[in-house]
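# An overview of the molecular structure
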Amino acid sequence: MKVFKWTILTAALLALALCATGCMNSGNRVDGAAPSPSAGMNSTGDVGNASNANQSGLAGEAGAGEGSATPFDWAANAAQVETAINQISEIADSRVVVTGTTALVAVRYTDAYQGETTERIREMVAGVVREADPTIQTVAVTSEEADVDAIFELSDKIRGGDRADALADEINRIVRNPTTLR
């Protein structure tokens, strides 16, 4: 009889503990109808002053409650991403060119930074790029002066109206360089 009482008491306590655990986790649930912090594109494309900008101030893709995702327009909004990349303490200037799902980023370091491109810097840059456009699969970062100059020229051509797809061969050549971190 005592064993039966202890078995019932143990089962009841276990059920109560499982119920309490389920209640505790309900506060951490994300409601499917709530917009994400990076939901939507603002109409002006301004960095940091839009209510729908994500954590780094970049306007991102449309959220769950707002219909299908809006593709990131690199030709029009690359400067936003470059501004966010330039916020990394080691980086003084940057340019981003994108073809397909590959982003090529040229960085020029501050005078105070005497190092080279490290995996840590590449990951920070890649994080900024992917935050702006989650469809990017490869982010290549270079600080080699000849490649940086070439990327700045490519960026200027794209800003001048050339299509990035037409420059894909040149972009991919730089991406494949051994000094470019991918």
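Residues numbered from 1 in each chain as written. Predicted model: local features only at pLDDT ≥ 70, side-chain atom pairs only at ≥ 80, totals over all residues. Heavy atoms only, no water.

## What about the layout of surface pockets?
Of the pockets and cavities examined, the largest pocket occupies roughly 260 Å³. As for the largest pocket, its lining consists of 17 residues, and the residues nearest its centre are W74, A75, V98, I158 and A164. Of all the secondary structure elements, the ones that give two or more residues to the lining of the largest pocket are helix 2 (74–85), strand 1 (91–99) and helix 4 (145–159). A total of five residues in the lining of the largest pocket trace back to one element, the largest contributor, which is helix 2. Split by residue class, the lining of the largest pocket holds 10 nonpolar, three polar and four charged. (1 Å grid on protein atoms, 1.4 Å probe; cavity = no way out; pocket = protein on both sides within 12 Å on 5 of 7 lines; lining within 4 Å. Points joined across faces, edges and corners; volume = space filled by probe spheres on them. Helix = DSSP H or I, 4+ residues; strand = E, 2+ residues; numbered from the N terminus. Nonpolar A, V, L, I, M, F, W, Y, C, P; charged D, E, K, R; others polar.)

## Considerations on the sheet that holds strand 3 (residues 138–142)
In spatial order, the strands read 1-2-3; together these three strands make up an open sheet with mixed pairing. Either end of the sheet is taken by a strand with one partner, and the two such strands are strand 1 and strand 3. Here the strands of the sheet are splayed against their neighbours by 20° on average, with no regard to which way each runs. In this sheet, strand 2 (residues 102–109) lies alongside strand 1 in antiparallel orientation, the contact comprising eight bridges. Residue V96 lies in a different strand from strand 2, and its bridge partner there is V105. (Pairing = 2+ DSSP bridges. Axes fitted to C-alpha atoms, helices over the stretch in contact; angles between N-to-C directions.)

## Observations concerning helix 2
Spanning 12 residues, helix 2 covers only 14 Å between terminal C-alpha atoms, well under the ideal 16 Å at 1.5 Å per step. Within helix 2, burial applies to W74, N77, A78, Q80, V81, E82, A84 and I85. Against strand 1, strand 2, helix 3 (119–132) and helix 4 lie the buried residues of helix 2. For helix 2, the capping residue at the N-terminal end is D73, with a side-chain oxygen 3.3 Å from the backbone nitrogen of A75. (Expected span 1.5 Å × (residues − 1). Buried < 20%, exposed > 50% of the residue type's maximum accessible area, 1.4 Å probe, protein only. Contact = heavy atoms within 4.5 Å. Polar contact = N/O pair within 3.5 Å; in protein donor to acceptor, adjacent residues only side chain to side chain.)

## So, helix 5 (residues 168–175)
Residues separated by three or four positions in an α-helix point in the same direction, a consequence of the helix having 3.6 residues per turn. For helix 5, every residue scored as buried is listed here: A168, I171, I174 and V175. The arc that holds every buried residue of helix 5, seen down its axis, measures 130°, which confines them to one face. Contact partners of the buried residues in helix 5: strand 1, strand 2, strand 3 and helix 4. (Arc of directions from axis to C-beta.)

## What about the environment of D149?
Summarising the element assignment, D149 is placed in helix 4. Taking the relative accessible area as the measure of exposure, D149 reaches 32% and is therefore partly exposed. Counting along the chain gives 54 residues from D149 to R95, while the straight-line C-alpha distance between them is 9.9 Å.

## Section: the confidence of the model for the protein chain
In the predicted model, the protein chain carries a mean pLDDT of 76, and the fraction of residues at 70 or more is 66%. Counted against residues more than four places away or in other chains, residues 24–57, with its pLDDT under 50, gives 38 contacts. Counting contacts from residues 60–68, a segment whose pLDDT is below 50, to residues more than four positions away or on other chains yields 23 contacts. (pLDDT = per-residue confidence, 0-100.)

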